[in-house]
Structure formats: C-alpha cells, structure tokens
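# Remarks on the overall topology
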Amino acid sequence: MNFFRGVIGGQQAGAQPSGVETIQKLCDRVASSTLLEDRRDAVRALKSLSKKYRLEVGTQAMDHLIRILQTDSSDSEILGYALDTLYNIICSDEEEEQDDAQRRQEDDIGAQFTERFIQEPENVTLLLTLLEEFDFHVRWPGVKMLTALLKSQCAQVQGIILVSPMGVSRLMDLLADSREVIRNDGLLLLQQLTKGNAAIQKIVAFENAFERLLDIITEEGTSDGGIVVEDCLLLLLNLLKNNSSNQNFFKEGSYIQRMKPWFEVGDDNSGWSAQKVTNLHLMLQLVRVMVSPVNPAGATASCQKAMFQCGLLQQLCTILMATGVPADILTETINTVSEVIRGSQVNQDYFASVNAPSNPPRPAIVVLLMSMVNERQPFVLRCAVLYCFQCFLYKNEKGQGEIVATLLPSTIDANSISAGQLLCGGLFSADSLSNWCAAVALGHALQENLTQKEQLLRVQLATSLGKPPVSLLQQCTNILSQGSKVQTRVGLLMLLCTWMSNCPIAVTHFLHNQENVPFLTAQISENLGEDERLVQGLCALLLGICIYYNDNSLENYTKEKLKQLIEKRIGKENFVEKLGFITKHELYSRAAQKPQPAFSTPEHMLFDHEFTKLVKELEGVITKAVHKSSEEDKKEEEVKKTLEQHDSIVTQYKELIREQDTQLNELKEQVSSLTSQKDQMQSTITQQLSQIQQHKDQYNILKLKLGKDSGQDGAQVNGQLEEVTLLREEVEELRRKHSVLNSQLLEKEALISSLRAEGVQTSEGTAASAGNTELLKEVETLRAQVQSQTAEISQLQRERQELQSRAETTAAVSGDNVDAAKITELENRLSTQSAEIHRLQEEVRSLTESRALMEKDLATASSTATILQTEKSKLQQEVTESKKEQDDLLMLLADQDQKILTLKQKLKDLGETIEDEDDLDARDQSDEDEEEEEDDDDDEDEDEEDA
C-alpha cells in the first residue's frame, strides 16, 4: 500500500515520477499482484489517470484490463473500475470547446482503440455476458462501454452482436431494468445498435420492443414527457423506417391504435415547451413512416385504413384546424395528413368534409389554399399545403371533378370563396411563387383525367370591364407571351403540357389561336441565356404535344405541317436538343426523387414530381413523332385503327368471359353441393367400412383361435388341445341354439295357422252381412206394394163419394132407386179392401220390427267386422314379421350350420373324430330298436311265466 501512496498519494520527497512511468508501474502491479485488493487499487488508479493520459493508458493498460474482465468476474468493484477505464480510453467526454482538428484527433484515437478491442470478437461477447450482472457498478459501465463501441465502429460491432447467441435478447432486458439510468442508457444503446441493420431491427422488434417502448412513452407522459420519450421515438423510427417487415408487424399488432392519444391537444395551445415540440415532431414523423409513398402500395393502404378506423386521421385534422399550434408542428401535421390521405379514397372523402372552426364554416381545403397563395405565409408552410392538395387529388377523380366544378360558370357562388377562385387568383397574381403553386395544383386536378381537361376548356375569365371574357387556356398563353418571370412561365407551361397531353380537343383549342404556334417557334429558335433554356425546353415539349396528340382537324396546323414548320424554322436536331434541356436541369432529378416538394429556397421551385413522370413518358414519343415521315404517320394511323378494332374484339371477349365467369360460378356452386353430398356419402361409406372392419376383426380373432399350425412343438399341441375342447363346447352351444330356433319356428308356424283360421271366420261374418242386405231388399219391396194398394183404396173412396152424390141427386129428382145395387157392391168391395189393408199393415209392422232387429244385428256385425279387420291387419303384419324373422332364423341357422361344418372340418383337421348328426340319429334309432326288442323279449318271458 505504501507503493500506491507514493504513486498517487501525497507529496513525496524527491522528483515526482512522470505519468508514463506511473502508468507503467500500475500496469505491472495489475499484471503481477496476487492479492485482489492490490489489483483493485491499481485499476482504480488507472481509471483516475485515463482521462488525462488517455493515449498512454490505452496503449499500455488495455490488455491488462481485458484480462481483469476475464479473470476477476466475481468481484463487481474491480469490474466496474476496469469498464470505466476502457470507456474513458475509447470515448472522450471532454466538455470544453475543442477545435475541429483536435476533435478529429480525439475521434481517431477512439476509433483505433475500438478496433483494437474488437479485433477479438470474444471481447464483445464477454461484454455482453457482463451485462447480465444486475450489480449497478457492472451493468451501467458495461452499457456505456458497448454504446461507445457502437458509436465508433457500428457495423463491425453489430456483426459481432448479431452472431452472438442471445446477444440482442440480453440488450433488450435493459429496457425492463427498474433503475431509470440503466433503462435510459439502454435506449441509447439500442438506438446505436439498430442503425441501418435490418436483421437486428427485426430481432429487436420480435423481442417485444414495440410493446415496451409504447408503455414507456405512456408512463413518461407521451408528448408532454421528457428526453426519455424522445429516445423511445427515435428508437421506434430506427425500427420502422424502410423496414416493411417491422411496419407490418407494428400494424398487425394494433400498435397504430395506441398512437392516437399522442395527438390529443387541448384548447390551450400556448406555451409549448421545446421538448414537447420535439416529441410531437417525432411522433408525426413516425406516422409518416407508416404511410410513406416509398412503402409498398398494399402496406401503405392498410395502414391508411387503420388510421382512419381508429380515429387517428380525425385527430390530426383537429390539430390542423386548431389555433395556437407552433408553425413547425402545423407544417409537419399538414405533411402527415397529406400522406395519410394520399391515394386512399375513404380518407380523401373524409378530408374533403373537414371544416375549419370559422363563422361561417369553410372547408379545410379552402383554408389551406388561402395560405398557399398568400405570399406572407412561411415558405415551408406553403410547400406543405401544396403537397397536401396534391395528395388530396392523387388518384381521386371525384375530388378532381369537385375542384374543376368550382371554376365552371354554373357553379360559381358569389357569396363564398371556392378552391377554383383561389387557384385562379394565385395563377394570375403578382407573386411568382403563387403562380407556380397554383399552376401545379390546377395541373394535379387534371392529372390522368380526360373529362376534367375537357371541362376546364369551358372556363371563362373576365379580364377587365367592357371586354369580352376569354378562356382560361387563352389567358394562360397571353401571360406567357407577356414575358413574366421564369418561375411563372415554367408553372404555366407545365400546366399547359399537363392539360393538353392525351387531349386532342385541348390541342385543337390551343392551335385555334393563330398566335400560339409562332410564339412557341420563336421561343425555341432563339439563342437565349442559361436561365431561359428551361423555358425553351418546355416550349419544345408543348409544341411536341401539339404534334403527337393532333387529330388533324385544323387544316393549317396538321401534324405534317407542324413538322415542316419545325424543320424550316428550328431544325429537327435543334428541336430535340432543346427538348433535352428539361431532363438535364439540375433541379429535375431532385424533383423526380419523391412526391413531396422539398426545396431550400422559393427560386428552386421549378419542377413538380408528377410532371417529371410526364416528361419521361413524352420525351421519347415526341422525338419519334418529329422524325417520322408522312408515310409512317399513315401507317401508324392504320395501326391505330387496327388496334381500335382489336380493342372492340377484346371488349366482346371480355363480355363473353364475364358470362362464362357467371356460368363458372354457378357450376362451382353445383360442385360445392355435390361435394357436400359426396362427403355425406363418404361418411356413410366410412361407417360401413368400420363395421366391415369390425367383422373382419372378429373373423380374424376366430381365425387366430383356430389357425394354429400342426407343425409346432409340444407346448403348442397342448394349446391346440385346449382350443379343441373350447371348440367342442361351442359346437354343443350352437346345437342347443339350433334346437331352440327350430322350436321357435314351429311356434311361429302354428301361430300363422291360427291366424289363417281366424281369417275364415271373418269371411263368414261378411257372408252374414250379405244375407242381411237381401232381407232389406225384401222389406223395401213390401213397402212398395203397400203404397200401391193404399193408392188404389184412395181412388175407390173418391169414386164412392162421387156415386153417393149422384144417387142423392137422382133420389131427389125422381125418387128412383136405380143405383142401390151398385152402391152395395161398392161397399162390399170397400170393406174387403179395408180388411186387406189392415192385414198388410200388420205384416208391414212385423216386417219393420224384423228390419230394426236386423239393422241392429247388422251394426253389431259391422263393428265386429271392423274389429276383425283391424285384428286381421295386425295379424297379417305379425305374420309378415314372423316370416321375416323366420327367414332371418333360417339364414342364421344356415350360417350356424356352415360354422358347425367349418368347426367340424377344423376338428377333423386337428385329428379329432367327429360324428355327424345323421350318424348320431342312426345310432339313437338303433338304440331305440334294441330297447324295443328287449322289451318284447321281457314281455314274452313274463307271458311264459304266467302260463
């Protein structure tokens, strides 16, 4: 200990050793000391010298310190000193101001020591192992040490960690540490680890990083949180940016829904802290990463849908229309909303319905366009509004139609400001940037939409009082000819090129003005300065569009005449050269990289991203069109006609294919129904197969019981004898069953005979009922006779009355008794008939009584017949069932006989003597005969004794 007091302690007599000597002595002590305490003190001393003598300590002590990490891993204190010393060697934390040369020198020293440390990958693996120690004095220095290594040599250290078993998982455990300083430094470590390495990013994401980071952001207060929230957001950006796999994992894990609370801002938006602005800016960037135009289209569309469904888009629009929001946050929010709605019809429709909280309410689009054409607004904000308008119209025919409709005469409302009015105002204002932005915005309303290009030709503008209105197309060409600023002319030329491309009607309107073509040829043919070359190229593009999309409806400006004009006034080669000025411009390639306008100054805003696509598409075809001859044009027209015919044929085939698709769907439905039926039949077959398999199994069991080979050893023979005994018992049992079945069969036959006898009785009852029917017929005959005789008696009584009246009349007149005898005769006949009637009435009464009795007997017989018929039906059913049972019994008996024969054959094969039933019956009969003979002999003997 006296040695260390002399080295690093108080004043010593004599000369003080130099720093290099002291470091050398300390390194010797670390290497040679056997006591842990001495090594610990030496490492502590090296730590205190490592900042001042960084190069010396690193050069002499690094190997010794690495050895300490390997050998003294049980002592946390010496490990902490060693890690702190290595950290000081690799990373310089000097806070004083340094010039660039000194800073570069320090960085070079750190890079050299880092390379030396990671030359042995085991050193990094050892460091990862030490991070598993929970001791604060080991874990925290280890985290800082690994972070410093990643800052210095990121790619090499990432490669070592990637191949280290459980390397990334150990680092992810740092986020779960309860000590905030380790957790926060762990965030910084993971930021460095995930930079530019997609493989590590995927591993970190699948180690549940999203869940942990979002939990930390929520715990820290989201946008109102501190630097920890910023670190979490930076790590999330590293994991998601340009990594489609992690983006899909983030979306599928429903983490987009958890982002919505981040953007809940209150009514009081004054006094935002710098940290809150930074946090919200990073949160907006995180949203943009998920819906960036460079992502795959399908992934972007699904994220846009999720953001609308969870209300995130609505929340962003609320911030967009809120007051008091800082300018940079408002600008980034506009850019974020732009990419959330870009190409998504649902989101674009929602954005079109958003109104600003003004009185009266105005659409958000109108409010944003007012900012875009206002030259007092910040440049970045105007660019953001232009991008938002472009994204709103991107692949949105409905929105394009609504914007163009605000320019048409029939829809103009004088009491309100519309989007079309703002665009026209910006197009013809004195501010060149407003001209350019309005021209580009109006061009996006016409992008790939032939209908709106034709509709825009109807727009008429009132230029001044007392003059007739002019068309929008004519006004644009008028401004071009007036020689305005380059930015204004470039914007108008881009608008005209977009408008007239693929629109022959617009080309005809443009050529109808006799001044336009001479103006373009004059602009192209002149030798102007460097700034005007872009305008010349755009004029050449516009003239080329007039040739390529010309329908030859104007005689003076047909394709052939325009090409002749170019050849005479400009020259074909010169024309093509001027056309190439567009793509050679330095700002062209910058605009072609991404859709968002990104310009450092307003003067650099010359190209639009969508317009660069149009130039790329048209440059080649216009060059070919200019060089083509008239014959080639005719051939091309013929080819076009052929293609049109081909298109009509294709349309017919498409219709045929649609019909076939319909038929195919119907057939598919039939196939599905047949498939279901097949499945049902298959299940039935499966059940039957299972039953068959059961029977096979039973058969195999019997086969196994009987199928023993006779060529086996003695033990197998004994087993066979036992099986023979069992088989005999089974044969006896089958015989008993056979006899029982025979008896049942005899009973069933007797029952059938009795049922047949009952059927005969039933037929007799039916005959009795037939006799009753004949008796009824006889009664009816007697009734008819009585009625006829009653009619005769009535007739005789009427004749008697007539004769009496005549007799009385005769007696009164003449007193003669002529008809007395006749009257007496009639009276006798009447008495005779009366007696006969009385007799017949008695007979009818008796017959009626007999009939009543017979009807009663008939009713009884009918009910009896019905009962008998019911019983007959039941008996017939029983007979049928008995016959069926009899047939089943016969089949069963046949099966049993077959089994008995099979078993007998088996027994015979096994060497047993089996007697047939016929033999047994014959033997029984012979025994009976012998007994009868013996009985007869006994009787004879008894008779002899009696005699």
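Residues numbered from 1 in each chain as written. Predicted model: local features only at pLDDT ≥ 70, side-chain atom pairs only at ≥ 80, totals over all residues. Heavy atoms only, no water.

### Thoughts on the overall build of the protein
The number of helices and strands found in the protein is 40 helices and 4 strands. Counting all 947 residues of the protein, 39% fall into the buried class. Contacts in the protein between residues far apart in sequence, at least 24 positions, make up 71% of those at least 6 positions apart. (Helix = DSSP H or I, 4+ residues; strand = E, 2+ residues; numbered from the N terminus. Buried < 20%, exposed > 50% of the residue type's maximum accessible area, 1.4 Å probe, protein only. Contact = heavy atoms within 4.5 Å.)

### A word on unusual backbone geometry
Despite not being glycine, N242 has its phi angle at roughly 60°, a positive value. Mapped onto the elements, N242 comes out in the loop between helix 14 (227-240) and helix 15 (244-252). A positive phi is found at K395, a non-glycine position, where the angle reads about 55°.

### Some points on the nonpolar core
Counting residues in hydrophobic clusters, the biggest one holds 207 residues, and the most contacted among them are L146, L171, W262, F263, F351 and L541. At 12 residues, helix 22 (residues 379-393) tops the list of elements feeding residues into this core. Apart from residues no more than four positions distant in its own chain, W262 is found in contact with L214, I217, T222, S223, L233, L236, L280, M283 and L286. (Core = buried A, V, L, I, M, F, W, Y, C linked by side-chain atoms within 4.5 Å.)

### Quick word on the environment of N502
For N502, the location among the structural elements is in the loop between helix 28 (486-500) and helix 29 (504-512). Residues N502 and Y548 lie 46 residues apart in sequence; the distance between their C-alpha atoms is 8.8 Å. Those residues in contact with N502 that sit more than four places away from it in its chain are L450 and Y549.

### Concerning the packing of helix 3 (residues 36-50) against helix 4 (residues 54-71)
Between helix 3 and helix 4, whose axes approach to 10 Å, the crossing angle comes to 150°. Considering their axes alone, helix 3 and helix 4 lie roughly antiparallel with respect to each other. As helix 3 packs across helix 4, the resulting crossing turns out to be left-handed. For the pair helix 3 and helix 4, contact is made by R39, V43, L46, L49 and S50 and by R54, V57, A61, L65 and I68, respectively. Of the residues that constitute the contact of helix 3 with helix 4, the class distribution is 7 nonpolar, 1 polar and 2 charged. (Axes fitted to C-alpha atoms, helices over the stretch in contact; angles between N-to-C directions. Parallel < 35°, antiparallel > 145°, perpendicular 65-115°, else oblique. Left-handed = near helix turned anticlockwise from the far one by under 90°. Nonpolar A, V, L, I, M, F, W, Y, C, P; charged D, E, K, R; others polar.)

### Focus on the packing of aromatic side chains
Taken as a whole and assessed by the stated rule, the structure comprises 11 aromatic pairs. Between F210 and F250, the aromatic rings sit 5.1 Å apart at their centres with planes inclined by 85°, giving edge-to-face as the arrangement. In this pair, F210 sits in helix 13 (residues 209-219) while F250 sits in helix 15, placing the two residues 40 residues apart along the sequence. The exposure classification of F210 matches that of F250, with both residues buried. Measuring from centroid to centroid gives 5.6 Å for Y588 and F607, while their planes differ by 90°, and the two rings are edge-to-face. Remark: F607 occurs in the loop between helix 35 (586-591) and helix 36 (609-627) and Y588 occurs in helix 35; sequence separation between them is 19 residues. What makes Y588 buried here is its relative accessible area of 10%. Across the ring face of W272, the terminal group of K276 is positioned such that the distance to the ring centre comes to 4.5 Å. (Phe/Tyr/Trp six-rings, centres within 6.5 Å; stacked < 30°, edge-to-face > 60°. Lys NZ or Arg CZ within 6 Å of the ring centre and 35° of its normal.)

### Observations regarding the side chain of N347
Examined against the element boundaries, N347 turns out to sit in helix 20 (residues 345-353). Residue classification places N347 among the buried residues on the basis of a relative accessible area of 1%. Leaving out residues up to four positions away in the same chain, N347 has contacts with Q304, F308, L313, V340 and I341.

### Here we look at helix 23 (residues 397-405)
Taken as a whole, helix 23 has its buried residues at G399, Q400, G401, I403 and V404. Buried positions along helix 23 lie against helix 22, helix 24 (419-427), helix 25 (432-445) and helix 26 (450-456).

### A look at the side chain of Q158
Positionally, Q158 belongs in helix 9 (residues 154-163). Apart from the residues within four sequence positions on either side, Q158 is in contact with L150, Q192, L193, T194, K195, N197 and I200.

### Focus: the environment of R40
Turning to its location among the elements, R40 is positioned in helix 3. A sequence separation of 41 residues divides R40 from Y81, and the C-alpha atoms of the two residues are 7.8 Å apart. Residues contacting R40, with those up to four places away along its chain left out, are D75, E77, I78 and Y81.

### So, a nonpolar patch on the surface
Taken together, I649, Y653, L656 and I657 make up a surface patch of nonpolar side chains, about 380 Å² in accessible area. Inspection of the secondary structure puts Y653 in helix 37 (residues 630-706). Since its relative accessible area comes to 51%, Y653 is described here as exposed. (Patch = residues over 30% accessible without salt bridge, like charges linked within 9 Å, V, L, I, M, F, W, Y side chains within 5 Å. Areas by Shrake-Rupley, 256 points an atom, 1.4 Å probe, with all protein chains shown as cover. Salt bridge = Lys/Arg side-chain N within 4 Å of Asp/Glu carboxyl O.)

### Digging into the packing of helix 18 (residues 312-321) against helix 19 (residues 327-341)
Running from N to C, helix 18 and helix 19 cross one another at 145°; their axes reach a closest spacing of 9 Å. The way helix 18 lies across helix 19 gives a crossing that is left-handed. Two secondary-structure elements touch here, helix 18 through L313, L316, C317, I319 and L320 and helix 19 through L330, T333, I334, T336, V337, V340 and I341. Considered class by class, the residues forming the contact of helix 18 with helix 19 number 10 nonpolar, 2 polar and no charged.

### What to know about the pattern of salt bridges
According to the stated counting rule, one finds 22 salt bridges in the structure shown. The partner of E252 in a salt bridge is K251, with the nearest N and O atoms 2.9 Å apart. Under the relative-accessibility criterion, E252 is labelled exposed at 54%. In this structure, a network of salt bridges that share partners links the residues R40, D41, R44, D75 and E77.

### Re the state of the cysteines
Within this structure, the stated rule accounts for 0 disulfides. Take C437: it sits in no disulfide, and the sulfur closest to it among the cysteines is that of C383, at 6.3 Å. For the unlinked cysteine C546, the closest cysteine sulfur is that of C497, found at 8.5 Å. (Disulfide = S-S within 2.5 Å.)

### Side note on helix 14
Taking 1.5 Å of rise per residue, the 14 residues of helix 14 would be expected to cover 20 Å, and the 20 Å separating its terminal C-alpha atoms lies within 8% of that figure. Among the 14 residues of helix 14, 11 are classified as buried, and the element is accordingly described as predominantly covered. For helix 14, every residue scored as buried is listed here: V228, V229, E230, D231, C232, L233, L235, L236, L237, L239 and L240. Those residues of helix 14 that are buried are in contact with helix 11 (180-193), helix 12 (198-206), helix 13, helix 15 and helix 16 (274-290). Of the residues one or two after helix 14, N242 is the one with positive phi, at around 60°. (Expected span 1.5 Å × (residues − 1).)

### Quick word on the environment of V30
If you trace the backbone, V30 turns up in helix 2 (residues 19-32). Classification of V30 by relative accessible area gives buried; the value is 5%. With 31 residues separating them along the chain, V30 and A61 place their C-alpha atoms 8.9 Å apart. Leave out the neighbours within four places in its chain, and V30 touches R39, A42, V43, L46, H64 and I68.

### Section: the confidence of the model for the protein
Taken residue by residue, the protein gives an average pLDDT of 80. The fraction at 70 or more is 75%. Predicted confidence is poor over residues 1-15, with pLDDT under 50, and the contacts of this stretch with residues over four places away or in other chains come to 16 contacts. (pLDDT = per-residue confidence, 0-100.)

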